[in-house]
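As a plain string of letters, each chain reads:
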Amino acid sequence: MEFAPICVYLVISLLLSLILIGVSFLFASSSSLAYPEKLSAYECGFDPLDDARSRFDIRFYLVSILFIIFDLEVTFLFPWAVSLNKIGLFGFWSMIVFLLILTIGFIYEWKKGALDWE
Amino acid sequence: MTFFFLTLVLKIVVLTIPLLLGVAFLVLAERKVLASMQRRKGPNVVGIFGIFQPIADGLKLVVKEPVLPSSANLVIFLFAPVLTFLLSQVAWAVIPFGDGLVLADLNVGLLYLFAVSSLGVYGIITAGWSSNSKYAFLGSLRSAAQMVSYEVSIGLILITVLLCTGSLNLSEVVRAQTHVWFCVPLFPLLVMFFISCLAETNRAPFDLPEAEAELVAGYNVEYSSMGFALFFLGEYANMIVMGSLCTLFFLGGWLPPFDFVAFHWIPGIFWFGLKVTFFLFCFIWVRAAFPRYRYDQLMRLGWKVLLPLSLAWVVLVSGILLSFDYLP
């Protein structure tokens, strides 16, 4: 029941955004007469040379992998932070050991140059 | 049941309309403030002091022609702005404007906000990918990597705040600041959180995804008319969300600045609005004052400065709270 307002809000804002994007198709002048150059992907007025989905820098991939590790760490920290007054010193030190292992990994990837962009 | 449902819809409408108006006037405020900082006048033709400028801009965008690129994946292409706008709206469900003045008083409100702001990446990356245009693709890649990098430090800063409050409920977070706002003991964290917010919302000086000079407009280059407007609205609504997060976590939400009796006569929502406006002014001020970062500098700041610093703060704050028995 607590989540009912959120579900209703989700539906309402979905409807609102669909209406907003639909309105532009209703009121705007028709694009059925558009010539092919107008509908091609924008590339400074030239015809697109090739498909945009080509190879890209590996570092974007690397960043997302690193993000997964650290975001998981943050997810582990949430319940720990809420219940720290109940789990006491043992809970605290177990998390510190976990963070220490993670920090070693972080230092390793730093020294390996995974965080460098040129 | 029907009554409950109807009041709920009414509440949501009462929340959404001022929010959209707020977004519209934030755009105007940005142009006005930027203009004043550069000794110009800014918009001053439509209505008195240009007050109807955002409405005129909106109307103009409605009658513009929506162009659907022939090489785009149309379903995803149309869904991306909807998703961005949707997520910027849905975050408002758990934000308390005053004592008890909140749509859904979740006991996991903080986690919910974190989840919604993480999902924001999807709107941008689907927009860039589905446009099938080089500029849009590069812009969305940059934007996704940037948002993801600063997400981590935001998460760690939230953990530190959480240690001081002991509750994920946002109203409880504010009530924990009754005696002292967290901006006093955790001031460095406020600065780090503000910087991360700038990067998270792709604002200057971290507006690389839309670097006009190199990527023309980044991920939304193929969008026109309301598709573009939805991205625009979503981005500015996200700015207001981030401003109110700064307020809730560090500036005591709806609490008055001093414990005077007279200050308690003013409703809490006024104080909340005032603090959010202050942060939004800072967002604009930063844009007027600082040049754009280079991409390697941006990544360096996120991974090599903010991440280790915020991690160290988590350990420091939890250690202090535990050893002095200050835990809530």
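Keep in mind that this is a model prediction, so the values were computed, not measured.

A. How the structure looks around the interface of chain B and chain A. Every contact between the two is made by 83 residues of chain B and, on the other side, 66 residues of chain A. Counting each side, the surface lost to burial between chain B and chain A is near 6,600 Å², with a carbon and sulfur contribution of 77%. Together, Lys134, Trp303 and Lys304 of chain B form the three largest contributors to the area buried by chain B at its contact with chain A, with a combined 11%. Between Lys304 of chain B and Asp116 of chain A there is a salt bridge, with the nearest N and O atoms lying 2.5 Å from each other. At the junction of chain B and chain A, the tally comes to 3 residue pairs in polar contact (both at pLDDT 80 or more). Listing elements by their share of the side of chain B that touches chain A, those giving two or more residues are helix H1 (2–37), helix H3 (74–90), helix H4 (109–131), helix H5 (134–165), helix H9 (225–250) and helix H12 (295–323) of chain B. Considering each element in turn, the side of chain B that touches chain A owes the most residues, 15 residues, to H5 of chain B.

B. Representation of the pattern of salt bridges. Residue and element names in this part refer to chain B. If you walk through the whole model with that rule in mind, you get 9 salt bridges over all chains. Residue Asp207 pairs with Arg292 through a salt bridge whose shortest N-O separation is 2.9 Å. Of this pair, Asp207 sits in the loop between helix H7 (187–200) and helix H8 (212–215) while Arg292 sits in the loop between helix H11 (268–289) and H12, placing them 85 residues apart in sequence. Since its relative accessible area comes to 12%, Asp207 is described here as buried. By relative accessible area, Arg292 is classed as partly exposed at 33%.

C. Examining the UniProt feature "transmembrane region" (unreviewed entry) in chain A more closely. All names here are of chain A. Under the UniProt annotation, the feature "transmembrane region" (unreviewed entry) is placed at residues 6–28, 60–81 and 87–108. A distance of 31 Å separates the end C-alpha atoms of residues 60–81, which is 100% helix and 0% strand. For residues 87–108, the helix share is 100%, the strand share is 0%, and the end-to-end C-alpha distance is 31 Å.

D. Geometry of unusual backbone geometry. All names here are of chain B. The phi dihedral of Phe49 falls on the positive side, at around 55 degrees, and the residue is not glycine. Along the chain, Phe49 turns up in the loop between H1 and helix H2 (53–62). On the accessibility criterion, Phe49 (64% relative accessible area) is exposed.

E. Inspection of the nonpolar core at higher detail. Counting residues in hydrophobic clusters, the biggest one holds 128 residues, and the most contacted among them are Trp80 of chain A together with Trp92, Phe193, Phe249, Phe250 and Trp303 of chain B. Looking at this core element by element, the count peaks at 16 residues for H5 of chain B. Within the second largest apolar cluster, 9 residues are counted, among which are Val62, Phe85, Met226 and Leu230 of chain B.

F. Region of interest: the packing of aromatic side chains. Within this structure, the stated rule accounts for 26 aromatic pairs over all chains. Look at Phe60 of chain A and Tyr295 of chain B: their rings are 6.3 Å apart centre to centre, the planes differ by 50 degrees, and that puts the pair in the tilted class. Here Phe60 of chain A is found in helix H3 (residues 58–82), whereas its partner Tyr295 of chain B is found in helix H12 on a different chain. Neither residue differs from the other here; Phe60 of chain A and Tyr295 of chain B are each classed as buried. Residues Phe106 of chain A and Trp110 of chain A carry aromatic rings whose centres are separated by 5.7 Å and whose planes lie at 75 degrees to one another, so their mutual orientation is edge-to-face.

G. Summary view of the confidence of the model for chain B. Residues and elements named next belong to chain B. Chain-level pLDDT for chain B is 87 on average; 98% of the residues reach the 70-or-more range. Looking over chain B, one finds the lowest element-wise mean pLDDT in H8, namely 64, and the highest in H7, namely 92. This prediction of the complex comes with two scores: 0.91 for pTM and 0.87 for ipTM.

H. Region of interest: the packing of helix H1 (residues 4–27) of chain A against H3 of chain B. Remark: H1 of chain A packs on H3 of chain B, axes separated minimally by 9 Å, with the N-to-C direction vectors making an angle of 140 degrees. If you check the angle between H1 of chain A and H3 of chain B, you find them oblique. In this structure, H1 of chain A crosses over H3 of chain B, and the sense of that crossing is right-handed. In this structure, H1 of chain A uses Tyr9, Leu10, Ser13, Leu14, Leu16, Ser17, Leu18, Leu20, Ile21 and Phe25 of chain A to contact H3 of chain B, whose residues at the interface are Leu78, Pro81, Val82, Phe85, Leu86, Gln89 and Val90 of chain B. In terms of residue class, the contact of H1 of chain A with H3 of chain B is built from 14 nonpolar, 3 polar and no charged.

Each value, and the rule that gives it
Residues numbered from 1 in each chain as written. Chains lettered and ligands numbered in written order. Predicted model: local features only at pLDDT ≥ 70, side-chain atom pairs only at ≥ 80, totals over all residues. Heavy atoms only, no water. Contact = heavy atoms within 4.5 Å. Buried area = accessible area lost by both parts, 1.4 Å probe. Salt bridge = Lys/Arg side-chain N within 4 Å of Asp/Glu carboxyl O. Polar contact = N/O pair within 3.5 Å; in protein donor to acceptor, adjacent residues only side chain to side chain. Helix = DSSP H or I, 4+ residues; strand = E, 2+ residues; numbered from the N terminus. Buried < 20%, exposed > 50% of the residue type's maximum accessible area, 1.4 Å probe, protein only. UniProt positions renumbered as here; feature names shortened; annotations may be inferred. Core = buried A, V, L, I, M, F, W, Y, C linked by side-chain atoms within 4.5 Å. Phe/Tyr/Trp six-rings, centres within 6.5 Å; stacked < 30°, edge-to-face > 60°. pLDDT = per-residue confidence, 0-100. Axes fitted to C-alpha atoms, helices over the stretch in contact; angles between N-to-C directions. Parallel < 35°, antiparallel > 145°, perpendicular 65-115°, else oblique. Left-handed = near helix turned anticlockwise from the far one by under 90°. Nonpolar A, V, L, I, M, F, W, Y, C, P; charged D, E, K, R; others polar.

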